[in-house]
Amino acid sequence: MSKKTFEAAAAANAHLIVQLKDNQLTLRQEVEAACNTAIPHSGVRTVDEKKRNRHETRTVAVFDAMPAVVGTEWQPYVAAVIQVERSVNTFQPATGLWKTSNETSFYLSNRPIGANQAAIAIRNHWGIENKLHYTRDVTLHEDASRIRKNPGVFARMRSFAYNILRFNQSDTIAQDRYAAALGGLKSLLAMSFQ
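Throughout, residues of each chain are indexed from 1 in the direction in which the sequence is written. Reporting of local features is limited, given that this is a predicted model, to residues whose pLDDT is at least 70; pairs of side-chain atoms are given and counted only at 80 or more, and all residues count toward the totals for whole chains, interfaces and linings. Side-chain descriptors were evaluated using all non-hydrogen atoms of the structure, hydrogens and water having been removed beforehand.

### Details of the pairing of strand β5 (residues 97–109)
Working step 1: Pairing between two strands is assigned when DSSP locates at least 2 bridges connecting them. Secondary structure elements follow DSSP: runs of H or I of four or more residues count as helices, runs of E of two or more count as strands, with numbering from the N terminus. Pairing between strand β1 (residues 17–20) and β5: four bridges, direction antiparallel. Considered in β5, the bridge of Leu 20 is made with Phe 106.
Working step 2: In this structure, strand β4 (residues 80–92) lies alongside β5, joined through 13 bridges in antiparallel fashion. For Val 81, the partnering residue across the bridge sits in β5 and is Leu 108.
Working step 3: Between β4 and β5, which pair antiparallel and follow one another directly, the connecting turn spans four residues, one of which, Gly 96, has a positive phi of 80°.

### Brief notes about the sheet that holds β5
Pairing between the strands of a sheet is mediated by backbone hydrogen bonds and can be parallel or antiparallel.
Working step 1: In spatial order, the strands read β1-β5-β4-β3-β2; together these five strands make up an open sheet with antiparallel pairing. Single-partner strands in this sheet number two, and they are β1 and β2 (42–48). Strand-to-strand twist of the sheet, defined as the mean angle between neighbouring strand axes without regard to direction, takes the value 25°.
Working step 2: Bridging between β2 and strand β3 (residues 54–64) involves seven bridges; their strand directions are antiparallel. When the sheet's bridge partners are listed, Arg 45 is paired in β3 with Thr 59. Fitted lines through C-alpha atoms give the axes, limited to the stretch in contact for helices. The angle between two N-to-C directions lies from 0 to 180 degrees.

### Structural notes on the side chain of Thr 57
Working step 1: Examined against the element boundaries, Thr 57 turns out to sit in strand β3.
Working step 2: Here's how the labels work: a residue is buried when its accessible area is under 20% of the maximum for its type, exposed when over 50%, partly exposed in between, all with a 1.4 Å probe on protein chains only. Owing to a relative accessible area of 11%, Thr 57 belongs among the buried residues under this scheme.
Working step 3: For this analysis, residues touch if any pair of their heavy atoms sits within 4.5 Å. For Thr 57, the contacting residues outside a window of four places in its chain are Arg 45, Thr 46, Val 47, Glu 85, Arg 86 and Ser 87.

### Describing the packing of aromatic side chains
Working step 1: Here a Phe, Tyr or Trp ring, Trp counted by its six-membered ring, pairs with any other such ring whose centre lies within 6.5 Å, and the pair is stacked when the planes are under 30 degrees apart, edge-to-face when over 60, and tilted otherwise. This model, assessed by the stated rule, comprises three aromatic pairs.
Working step 2: With centroids separated by 5.9 Å and ring planes inclined at 75°, the aromatic side chains of Phe 6 and Trp 74 adopt a geometry described as edge-to-face. Remark: Trp 74 occurs in the loop between α3 (66–69) and β4 and Phe 6 occurs in helix α1 (residues 3–11); sequence separation between them is 68 residues.
Working step 3: Residue classification places Phe 6 among the buried residues on the basis of a relative accessible area of 2%.
Working step 4: In this structure Trp 74 comes out as buried when scored by relative accessible area, which is 5%.
Working step 5: Through a chain of ring-to-ring contacts, the aromatic side chains of Phe 6, Trp 74 and Tyr 77 assemble into a single cluster.

### Points about unusual backbone geometry
A negative phi holds for most residues other than glycine; trans holds for most peptide bonds.
Working step 1: Backbone geometry places Asn 13, a non-glycine residue, at a positive phi of 55°.
Working step 2: With respect to the secondary-structure elements, Asn 13 resides in the loop between α1 and β1.

### As for the side chain of Ser 109
Working step 1: Mapping Ser 109 onto the fold places it in strand β5.
Working step 2: Not counting residues within four places of it along the chain, the set of residues in contact with Ser 109 comprises His 15, Leu 16, Ile 17, Tyr 77, Val 78, Ala 79, Ala 80 and Ile 82.

### Description of helix α6 (residues 173–190)
Side chains that are three or four residues apart share a direction in an α-helix, a result of its 3.6 residues per turn.
Working step 1: Each residue after the first adds 1.5 Å to the expected span of a helix. The end-to-end C-alpha separation of α6 is 16 Å, well short of the 26 Å expected for 18 residues at 1.5 Å each.
Working step 2: For α6, the principal kink sits at Gly 184 and spans about 125°.
Working step 3: The complete set of buried residues in α6 reads Ile 173, Asp 176 and Ala 180. What is called the bend at a residue is the angle between a pair of axes, fitted to the seven residues leading up to and ending at it and to the seven starting from it.

If you want it as structure tokens, here you go:
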């Protein structure tokens, strides 16, 4: 996250929501302290029950950014702070018990936003992260790649393969990739590329 990102969003008249990570430690501490003492402008709570042996509760609260950023270099860029608290119960088949984990994340918005709208935007982002990036990183082994010369060419080839597999998907991407590898040219020619 950088000020250039916020400047680019302002120049494009775009609404930007960025996760605040630990590489901005001072800002994160200021934001966390401000959220602990302030009353949120709006809040929403959502529950996903028993989804893949998970029970997840998310509480999203939106705060005014000024107490956290006043007098800092971030003041002209940040209009709202979004706090997302996740409590996840995951079923452990080996023990038959539920394991609980709690996590709090903070996001910065360059415009005022309501909690419901912020919750939807953040969930939609993670949908993209889980659907595309996870598949490229894990199934297509992009993170494990040792290619150092022209890696962008191979990244585009992985994207091309991902899009073909997603378009022709009959099972999981990993299983379809395996079946295409075993089927050879015959299975590739049976795929639709339109």
